[in-house]
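# Summary of the model geometry
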Amino acid sequence: LFGGELNARRHWWTDPVNSLDLIAGFRYLNLQEELEITEQSTGLAGAGALAGVSRALTDSFKTRNNFYGLQIGAIYTYASGPWNVELRAKLAAGMNRKYASINGSISPLAGGAPPDMAGGLLALSSNIGEQRKDSFSFLPEVGINVGYDINSRLRVYGGYTVMYVSNVVRP
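Presented here is an overview of the structure given in this document. Everything numeric in this text was worked out from a predicted model, so none of it was measured. (Residues numbered from 1 in each chain as written. Predicted model: local features only at pLDDT ≥ 70, side-chain atom pairs only at ≥ 80, totals over all residues. Heavy atoms only, no water.)

## Points about the nonpolar core
- Judged by nonpolar contacts, L29, F67, A92, L139 and V165 together constitute the single largest core of five residues.
- Setting aside residues up to four positions removed in sequence, F67 forms contacts with R27, Y28, L29, A92, A93, G94, M95, N96, S137 and L139. (Core = buried A, V, L, I, M, F, W, Y, C linked by side-chain atoms within 4.5 Å. Buried < 20%, exposed > 50% of the residue type's maximum accessible area, 1.4 Å probe, protein only. Contact = heavy atoms within 4.5 Å.)

## Section: the environment of S101
- The topology assignment puts S101 in strand β4 (residues 83–110).
- A relative accessible area of 16% places S101 in the buried class.
- It is 9.1 Å that separates the C-alpha atoms of S101 and P171, two residues lying 70 residues apart in sequence.
- Not counting the four nearest positions on each side in its chain, S101 is found in contact with S60, F61, K62, G129 and E130. (Helix = DSSP H or I, 4+ residues; strand = E, 2+ residues; numbered from the N terminus.)

## Remarks on the side chain of S135
- Inspection of the secondary structure puts S135 in strand β5 (residues 129–151).
- Other than its neighbours up to four places away in sequence, S135 contacts G94, M95, N96, K98 and N167.

As structure tokens, this is what we get:
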């Protein structure tokens, strides 16, 4: 997961310890995931023609989501002495380009001939391949940072951010 944003920030309101800024801009987010499943099996003595036959099944699911959108938001800051708390809320809306790649295979390990079908355990001939789809998505984000000003040019802070992306493809 990685991304970036480019925003314009406009100071809206302030008093001695509080301030509120509004932001608007562009947001990009990339989410890539991969899942691989491997299974090995050997037919037991009572399995008839499959007795002693060993096979390996492999399934591979790869997904990528590229979100491009416009966003708006607000940043509230409370400052008291060297301490400050910053609350952020943003909402982006735009296009999510979704990619999915599904592959599967069955390989003989010992005894028996290779199977005459493509696919593995979950990756079957009906869903193997690459797919691409674009969909409208939302990306809300909220966060909090607590900071301490060591001097006028250096601030240390820690925080937490939560975001959600609608309409993503997952493995």
